[in-house]
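Secondary and tertiary structure notes
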Amino acid sequence: MRGMVGGGLNPLLAIDFASALGTFLDHGKVVVGIDSRISSEMLYHAACAALTSCGINVHYAGVAPAPVVHFLTPHLKADGAMLLGAGHQGAGWNALVPLAADGSYLNSILVQELLDIYHSHQYKICPWNELGKVSRINKKEIKAYFDFLGSLVDVKAISAKNFTVIADFCNGSGAPYTKMLAETLGINLIPINNIVSGILPHSPEPRPRSAFQVNSIMKPLKADIGFVFNSDMSRGAIVTDSGETLSEEYTFPIVADYILEKHGRQQRVITNQCSTRTIDDIVKRHGGEIYKTHVGQAAIADKMLEVDAILGGEGSGSVIMRGGVRGSDCFLAMALTLEAMAVRNMTSTQLAGRLPRYHIVKQTINCPSARAYSLIRNLRNHFPDAEVIEDDGFKFIWHDGWISLRNAATEPVIRMISEWKTMDEALDRALRVRGLLERLEAL
Amino acid sequence: MKYKKNLKVSVSGVRGIIGESLTPGLITSFAASFGRYVGPGKVVVGRDTRPSGEMVEHAVVAGLLAVGCQPMLIGIVPTPTVQIAVKHYNACGGIAITASHNPVQWNALKFIGPSSLFLDRIEAAELLDIYNQPDIGFSDENSFRSIQRKNDAFAIHQKKIFDNIDVEAIRDAGFKVAVDCCCGVGALYSRKFLEELGCEVFTVYDQPTGIFERGPEPIAENLVKLSETVKQNKCLVGFAQDPDGDRLALVNSQGEAVGEQYSLVMAVDHILSEMPGDVVVNVQTTKAVEDVAASYGCSVEYSRVGEINVTGRMLETGAEIGGEGSCGGVIWSKVHPCRDSFVTMALILEMMALSGEKFDEILESLPAYVTRSLKFPCPAARANEIVRFLKHKYSDCELYTIDGIRINFPDSWVLVRPSNTETVIRLSAEARSAEKADELMKNFSEDILKLADKA
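Overview of the structure.

Basis of the calculations
- Residues numbered from 1 in each chain as written.
- Chains lettered and ligands numbered in written order.
- Predicted model: local features only at pLDDT ≥ 70, side-chain atom pairs only at ≥ 80, totals over all residues.
- Heavy atoms only, no water.
- Helix = DSSP H or I, 4+ residues; strand = E, 2+ residues; numbered from the N terminus.
- Rg over C-alpha atoms; globule rule 2.2 N^0.38 Å.
- Buried < 20%, exposed > 50% of the residue type's maximum accessible area, 1.4 Å probe, protein only.
- Contact = heavy atoms within 4.5 Å.
- Areas by Shrake-Rupley, 256 points an atom, 1.4 Å probe, with all protein chains shown as cover.
- Pairing = 2+ DSSP bridges.
- Axes fitted to C-alpha atoms, helices over the stretch in contact; angles between N-to-C directions.
- Salt bridge = Lys/Arg side-chain N within 4 Å of Asp/Glu carboxyl O.
- Phe/Tyr/Trp six-rings, centres within 6.5 Å; stacked < 30°, edge-to-face > 60°.
- Lys NZ or Arg CZ within 6 Å of the ring centre and 35° of its normal.
- Polar contact = N/O pair within 3.5 Å; in protein donor to acceptor, adjacent residues only side chain to side chain.
- Expected span 1.5 Å × (residues − 1).
- Parallel < 35°, antiparallel > 145°, perpendicular 65-115°, else oblique.
- Left-handed = near helix turned anticlockwise from the far one by under 90°.
- Nonpolar A, V, L, I, M, F, W, Y, C, P; charged D, E, K, R; others polar.

Quick word on the overall build of chain A
For chain A, the helix and strand inventory stands at 15 helices and 19 strands. Taking 443 residues into account, the globule formula puts the C-alpha radius of gyration at 22 Å, and chain A, at 22 Å, falls close to it. With the principal axes as the frame, chain A shows a C-alpha extent of 65 × 60 × 40 Å. A total of 443 residues make up chain A; the buried ones form 60% of that total. Partitioning the contacts of chain A with sequence separation of at least 6, the portion at a separation of at least 24 is 69%. For chain A, the exposed surface amounts to about 16600 Å²; the carbon and sulfur share of it is 52%.

Structure (C-alpha cells):
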C-alpha cells in the first residue's frame with residue numbers, strides 16, 4: 001500500500017488499511033516499526049488507532065530498520081507486523097507494508113484475503129473494554145536482533161581484521177543503530193548520513209550515483225570497504241577499497257559467491273527474472289541450482305521456503321539467507337561481505353574481481369499503466385528471435401544478453417533493464433526498445 | 001451493520017460510543033478538519049482517564065499531523081487544563097478528548113478555538129462545514145510538523161489558581177476535606193492540589209482507571225461513599241468531581257449532598273463579597289444566585305445552557321463570576337473563562353478561611369431552594385411545539401425564552417427545554433420547598449406528556 005503523502009496516502013486510507021489488517025488478524029499482537037520519514041509518524045498514529053480499535057495490541061518499535069522488524073515479529077511471538085516506510089522510494093512517498101507472523105511479507109494468498117477485507121470496507125470494531133493496548137518495545141529487544149546477527153556470521157574472524165568500513169545510512173532507519181552494529185561486528189564503522197532527520201540526503205535507491213559521498217572519502221579515510229543503504233536497510237550497494245562503486249546488482253552475487261563456496265555444491269538459490277546474469281554464473285560456478293521468480297521480496301522468500309534454498313536476493317541489492325530473518329537484511333549482507341573478506345583474506349576489490357561482469361542499463365519509460373500492458377505485449381512481434389518469458393512483465397532473452405520490461409507496481413512507469421557483455425550493446429538495445437515503445441505509444 | 005444512532009455532532013463537540021459510532025476514521029476526519037479550520041499551528045491535545053482515550057488520541061494525532069498541525073500532547077489532564085494550555089502555549093487551538101459525565105463507553109472530541117474557549121455555535125457550524133466538504137485537503141510531507149509533548153500543563157493551571165487566591169490563609173486554616181475523583185482526572189491531581197493548600201485530604205474513587213465505579217454525574221445517589229468518608233473522618237466538606245474535572249458538587253459535614261446548584265451559589269457569594277460585579281448564569285440556575293447577587297446590589301444575566309454560551313456572555317459583560325448551576329459548573333474568568341472544579345474547590349476553601357465560618361454555617365446562611373428535574377423522550381419538532389404552547393399559556397408571567405422557556409413565578413420557576421444532545425425535552429422546577437417543587441413538576445409533566453403523546 002504505497003502512495004504520495006497528502007495526495008494518495010492520507011491517514012484515512014492508513015486507518016482503512018490497518019483496520020483491514022486488524023480485521024484479518026482478529027486479535028493478538030502486531031509489531032509496528034517506522035522509518036525516519038517525516039510522514040511515518042502520522043501513519044503510525046493512524047495505524048495504531050485502527051489496530052487498537054480492532055482489539056489488536058500494538059508493540060511499537062519506533063524507528064526501526066525492516067530487518068529488525070522481520071526479526072522482532074517472531075521473536076516477540078507477534079501475530080503480524082506493519083512496516084511504515086517507503087524504503088527505496090523518493091521523498092514525499094510513504095507506504096504501509098503488512099508482515100506475517102514469521103516476519104515475512106504476506107504471500108499472494110494472504111494479500112488477496114487482506115485486500116478483499118479492505119475493499120469491502122467492513123472492519124472489526126471493538127467496544128471500549130476490548131480495545132488493544134499500546135506498548136513500546138524496549139532497546140533490549142532490539143539488541144536481541146544484533147545478538148542474532150552476530151550469531152549468523154563469524155564475528156571472531158571479522159573483528160580480528162579490524163576493518164575500517166564506511167556506510168551511508170541515507171538518514172534512514174538504520175541510522176540509530178550504527179553503534180550497536182559496529183560493536184556486534186567489531187569493526188571501525190564510519191557512518192555518514194546517519195541522522196534520523198526524515199530528510200533524504202540523496203535518492204534512497206542504492207544506485208551508483210547515490211554512492212558519490214561514500215566514494216569520495218574511501219581513499220582519504222583508508223577504508224577497506226564502503227556500503228550505501230536505502231532508508232530501511234533492505235537494499236545495499238558496495239564501494240570497493242580501490243574506489244569502484246559497484247552496481248547494486250553485485251551485492252547479492254558477492255554474498256552468494258562466498259556462501260555457496262562455504263556450504264558446498266547443490267545448494268539452491270532464488271532470484272528474480274530481472275537480476276543480472278552474474279548470479280547465474282556464480283551459482284553455476286559452485287554447482288548450485290538457480291530458481292527465478294517474480295520481482296519482489298515476497299515471491300523470493302516464498303520460493304526459498306518452498307525449495308529450501310540457502311539464499312535469495314534481487315538485483316535491487318537485497319539479500320535473504322536461510323536461518324536469518326524472513327526478509328531482505330542488509331546488515332547481514334554487510335556482515336557476510338566482511339566475513340568473506342576476512343575468511344578468504346581478500347580485499348573488497350579482490351572480491352569484486354571474482355565476479356563475471358555484465359553491463360546493465362536500468363531505465364524507466366513514462367507510461368500510464370493502463371496503456372503499458374498492451375504496449376509491452378505488442379513488442380513480442382518485434383523480437384521473433386528472442387526467447388520470451390512472460391512471468392512478471394516480459395523478459396526477452398538472446399544468447400548474449402536480455403531485456404526485461406515490467407510495468408512498475410509502485411509508479412506509472414515501465415521499468416526496463418537491459419544487460420549485455422558490453423556497455424555499448426546494453427545501451428544500444430535499450431535505446432532500440434525505448435524507440436519502439438515510444439513509436440507504439442504514439443500510434 | 002448497525003445503524004449508528006448514537007453519534008452526536010453538536011456545539012459541544014463530537015460524541016459517540018466506542019465500537020459503534022465513534023470510529024478511528026471519523027475521529028481522524030474531524031481532527032483533520034479542525035486542523036484545517038485553525039490552521040497549521042500548535043494544537044493542544046489532552047484527554048481524560050477513559051480507557052478508549054489512548055486510541056482516540058492516536059486518531060486525533062494522525063489527523064492533525066496530516067494537515068500540517070503540530071500536536072502538543074499534554075496527557076491525561078482536566079478539561080479546563082486543556083483550555084488554559086491553549087492560552088499559555090499560544091496554541092491555535094485545542095482538542096479535549098472527554099465525554100465528560102457520559103458513561104464509560106462514550107468518548108468525545110471537544111474543540112477549543114484560538115481564543116482558548118470552546119467553539120461557539122457559529123464556529124462549530126463553520127467546522128462542520130469544513131468536515132462536510134468532500135476533500136479535507138491533506139498536506140504533503142514537506143509541510144508536516146513533529147509532535148511536542150508537555151508534562152507541566154496541570155502545574156501551569158494550578159499556579160494560575162494559586163496566583164489568584166489567598167493560599168496562605170487557606171494553608172493556615174488547615175482544613176480537613178474529602179474528595180471523590182470518580183476515577184477520573186481528579187485522581188491524578190486533586191490530592192496534591194488540596195495538600196498544597198494545607199488540607200488534610202481523604203480520597204474516594206481515587207484510581208485514574210476511567211472505569212467509573214459510581215455514576216459519573218455528581219448527584220446525591222452517586223455520592224454515598226463520599227458522604228460516609230466525610231462523616232467517618234469528620235471532614236468539614238466533601239468535594240465530588242466529574243470524570244473530566246470541570247464540574248463540582250458538594251457534601252456537607254453531615255454527609256448530605258447539598259445539590260449541584262450550591263457550588264455556584266457559594267462561589268458567587270464569595271466573589272461578590274470581595275468585589276461586586278455582574279454575574280452570568282444559564283437559565284437552569286437556581287434563583288439563589290439572584291438573591292445572593294441582589295444582597296450585594298448586583299444583577300444576574302441569564303444565558304443559554306452550555307458552557308460556551310455562559311462564557312461568551314461573561315466576556316461581553318465583563319462579569320468575573322458565572323456558571324451553570326444545574327451541573328455544578330463554576331466559571332471564574334480571573335483564572336480562565338471555563339468551568340473548573342479546581343477553581344471551585346479553591347474558592348470554597350478560601351471563603352471558609354477568610355470568613356472563619358464553617359462550611360455548614362455558610363450553607364445555612366444562603367437562600368434555600370429545592371430543584372427537581374426530569375426528561376421526557378420527545379422529537380425535536382414536537383419539543384418546539386411544546387415550548388410554543390407554554391409560551392402562549394403563560395404569556396402573562398415573566399418569561400425567559402433564550403433557551404426553551406423558563407417561567408418565573410414569585411419564589412419559584414419552571415424550565416422546559418429541548419435538549420441539544422439527546423432527543424428529549426427536559427423539565428426542571430425550583431421552589432422554596434420540596435412540596436411546591438414536586439407540585440410544579442407534576443403539573444408541567446402532565447402538560448408535556450399530553451402534548452408529547454399527541455404526535
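So, the sheet that holds strand β13 (residues 300-303) of chain B
Residues and elements named next belong to chain B. Spatial strand order, β13-β12-β14-β15: four strands in an open sheet with mixed pairing. Looking at strand neighbours, the two that pair on one side only are β13 and β15 (329-332), the edges of this open sheet. Looking at each pair of strands side by side, their axes are set apart by 20° on average, direction ignored. Where strand β14 (residues 321-324) meets β15, four bridges bridge the pair, whose relative direction is antiparallel. Within β15, the residue paired with Glu324 across the bridge is Gly329.

A word on the pairing of strand β11 (residues 248-251) of chain B
Residues and elements named next belong to chain B. Side chains Leu248 and Leu250 project from β11 onto one buried face, and the interleaved Ala249 and Val251 project onto a second face that is buried too. Here four bridges tie strand β10 (residues 237-241) to β11, and the two strands are oriented antiparallel to one another. Across the sheet, the residue bridging to Gly238 is Val251, located in β11. The loop that links β10 with its antiparallel partner β11 comprises six residues; one of these, Gly245, has a positive phi angle of about 70°.

Describing unusual backbone geometry
Even without a glycine there, the phi angle at Lys77 of chain A is positive, about 55°. Checked against the element boundaries, Lys77 of chain A lands in the loop between α3 (66-75) and β4 (80-84). Taking relative accessible area as the criterion, Lys77 of chain A reaches 67% and is therefore assigned exposed. Located in the positive-phi region is Tyr205 of chain B, a residue other than glycine, with phi close to 45°.

Concerning the pattern of salt bridges
Two side chains carrying opposite charge are able to pair once their charged atoms lie near each other. Inspection of the entire model under this criterion finds 41 salt bridges over all chains. Put simply, Arg432 of chain B and Asp411 of chain B hold a salt bridge, and the shortest N to O gap is 3.9 Å. With a gap of 21 residues between them, Arg432 of chain B in the loop between β20 (424-431) and α15 (434-453) and Asp411 of chain B in the loop between β18 (405-409) and β19 (412-418) connect regions that are remote in the sequence. For Asp411 of chain B, a relative accessible area of 37% puts it in the partly exposed group. One salt-bridge network, held together by shared partners, links Asp257, Glu261, Arg285, Arg344 and Arg354 of chain A.

A short note on the packing of aromatic side chains
For the structure shown, the criterion picks out 25 aromatic pairs over all chains. Centroid distance Phe227 of chain A to Phe229 of chain A: 5.8 Å. Interplanar angle 0°. Geometry classified as stacked. By relative accessible area, which is 2% here, Phe229 of chain A ends up buried. Summarising the aromatic geometry, the rings of Tyr394 of chain B and Phe444 of chain B are spaced 5.3 Å apart at their centres and angled 25° between planes, so their arrangement reads as stacked. Note that Tyr394 of chain B is positioned in the loop between α14 (380-393) and β17 (398-400) and Phe444 of chain B in helix α15, a separation of 50 residues in sequence. Across this residue pair, the class does not change: Tyr394 of chain B and Phe444 of chain B are buried. Connected via pairs of aromatic rings, a cluster forms that spans Phe71, Tyr145, Phe146, Phe148, Tyr177 and Phe331 of chain A. The ring of Trp398 of chain A is capped by Arg429 of chain A, whose NZ or CZ atom sits 5.1 Å from the centre of that ring. Positioned above the aromatic ring of Tyr205 of chain B, the side-chain terminus of Lys225 of chain B is 4.4 Å from the ring centre.

Brief notes about the side chain of Glu249 of chain A
All names here are of chain A. Summarising the element assignment, Glu249 is placed in the loop between β10 (236-240) and α9 (251-263). Note on Glu249: relative accessible area 2%, which makes it buried. For Glu249, the side chain forms a polar contact with the main-chain nitrogen of Thr276, separated by 3.0 Å. Contacts of Glu249, omitting those with residues within four sequence positions, involve Cys274, Ser275, Thr276, Gly315, Ile360 and Lys362.

Here's the deal with the environment of Ile56 of chain A
Residue and element names in this part refer to chain A. Here Ile56 shows up in the loop between α2 (40-53) and β3 (57-63). Sequence separation of Ile56 and His27 is 29 residues, and the distance between their C-alpha atoms is 5.2 Å. In this structure Ile56 touches Gly22, Leu25, Asp26, His27, Gly28, Lys29, Val30, Leu51, Gly132 and Lys133, once residues within four positions along its chain are discounted.

As for helix α12 (residues 330-344) of chain A
Residues and elements named next belong to chain A. With 15 residues, α12 should reach 21 Å at 1.5 Å per residue; the first-to-last C-alpha distance of 21 Å fits that figure. Across the 15 residues that make up α12, a large majority, 14, are buried. Where α12 begins, one side-chain oxygen reaches toward the backbone nitrogen of Phe331, 2.9 Å away; that side chain belongs to Asp329. Backbone geometry just after α12 places Asn345 at a positive phi near 55°.

Remarks on α3 of chain A
All names here are of chain A. The buried fraction of α3 is high, at eight of ten residues. Three or more residues of α3 are buried, namely Ala66, Pro67, Val68, Val69, His70, Phe71, Leu72 and Thr73. The positive-phi residue at the C-terminal boundary of α3 is Lys77, with phi of around 55°.

Remarks on the packing of helix α1 (residues 11-25) of chain A against α2 of chain A
All names here are of chain A. Direction vectors running N to C along α1 and α2 enclose 40°, while the axes themselves pass 8 Å from each other. Between α1 and α2, the crossing angle belongs to the class labelled oblique. Relative to α2, α1 is oriented so that their crossing is right-handed. Residues Pro11, Ala14, Ile15, Ala18, Ser19, Leu21 and Gly22 of α1 touch α2, and the partners they reach there are Met42, Leu43, Ala46, Ala47, Ala50 and Leu51. A per-class count over the contact of α1 with α2 returns eleven nonpolar, two polar and no charged.

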